[in-house]
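Spelled out from the first residue to the last, the chains are:
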Amino acid sequence: MQNQTLYKIQRIFRLSDGMGGWKKEYRKIADERGRIVLGALTMRDRARNDQDEGGRERAEIRHVAYFRAAADIVKSDRIVDRNGIIFEVRSRRVPGGISRTAEFELFEYQRGL
């Protein structure tokens, strides 16, 4: 793959909250080189805007990512780029034959100001 960038891979862990309960927290599990490209925007994608907790609009933008096939990346992991943009892994397409890369469907969440 050409034009590869270094990304942080985060996975959600269930941790004790110290009061007898549990909390969920994302922690870095690896650094991987790969490539993320913007997927096609459609009217349906634009219509999926939602409201976040503060009443601000939140847009979901679909991307496709390419990483090495042996990368430890699974559904619900987060991929963070060097600018701090967070992408959530929605699916992984298994490479066929002897492919050295795997394809991932990602969603980027952009929050309004």
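What you see is a predicted model, and the numbers here were worked out from it, not measured in a lab.

What follows covers the side chain of E105. By the element assignment, E105 lies in strand β7 (residues 101-111). A distance of 3.2 Å separates the side chain of E105 from the side chain of R62, its partner in a polar contact. In this structure E105 touches R62, H63, E88, V89, R90, S91 and R93, once residues within four positions along its chain are discounted.

Moving on to the packing of aromatic side chains. Evaluated as defined, the whole model comprises two aromatic pairs. Between Y7 and F67, the ring centres sit 5.7 Å apart and the planes meet at 75 degrees, which makes this aromatic pair edge-to-face. With a gap of 60 residues between them, Y7 in strand β1 (residues 5-16) and F67 in strand β4 (residues 57-68) connect regions that are remote in the sequence. The same class applies to Y7 and to F67, which are both buried. Note on F67 and F104: the rings are 5.9 Å apart at their centroids and 75 degrees apart in plane angle, and the pair reads as edge-to-face. Placement of the pair is F67 in strand β4 and F104 in strand β7, with a sequence separation of 37 residues.

By secondary structure assignment, the location of D77 is in the loop between β4 and β5 (78-80). Polar contacts involving the side chain of D77 include one to the main-chain amide nitrogen of V74, which spans 3.0 Å. Apart from the residues lying within four places of it in its own chain, the contact partners of D77 are I9, Q10, R11, I29, D72, F87, E88 and V89.

The final tally for this structure, using the stated rule, is eight salt bridges. We note a salt bridge from R11 to D72, for which the minimum N-O separation is 3.2 Å. Highlighted residues: R11 in strand β1 and D72 in the loop between β4 and β5, separated in sequence by 61 residues. Residues joined in a network through salt bridges with shared partners are R11, D72 and D77.

Pairing of β1 with strand β2 (residues 22-38) involves 12 bridges; the strand directions are antiparallel. Its bridge partner lying in β2, I9 is registered against A30. Connecting β1 to the next strand, β2, in antiparallel fashion are five residues, including G18 with a positive phi near 80 degrees. Pairing of β1 with β5 involves three bridges; the strand directions are antiparallel. Bridge pairing in β5 places K8 opposite V80.

One finds I36, F67, I73, I79, F104 and L106 to be the most contacted residues of the largest nonpolar core, which totals 13 residues. If you tally residues by element for this core, the top one is β7, at three residues. If sequence neighbours within four positions are ignored, I79 has contacts with Y7, K8, I9, I36, F67, I73, I85, I86, F87, V89 and L106.

What counts as what
- Residues numbered from 1 in each chain as written.
- Predicted model: local features only at pLDDT ≥ 70, side-chain atom pairs only at ≥ 80, totals over all residues.
- Heavy atoms only, no water.
- Helix = DSSP H or I, 4+ residues; strand = E, 2+ residues; numbered from the N terminus.
- Polar contact = N/O pair within 3.5 Å; in protein donor to acceptor, adjacent residues only side chain to side chain.
- Contact = heavy atoms within 4.5 Å.
- Phe/Tyr/Trp six-rings, centres within 6.5 Å; stacked < 30°, edge-to-face > 60°.
- Buried < 20%, exposed > 50% of the residue type's maximum accessible area, 1.4 Å probe, protein only.
- Salt bridge = Lys/Arg side-chain N within 4 Å of Asp/Glu carboxyl O.
- Pairing = 2+ DSSP bridges.
- Core = buried A, V, L, I, M, F, W, Y, C linked by side-chain atoms within 4.5 Å.

This is a description of form; function is not addressed.
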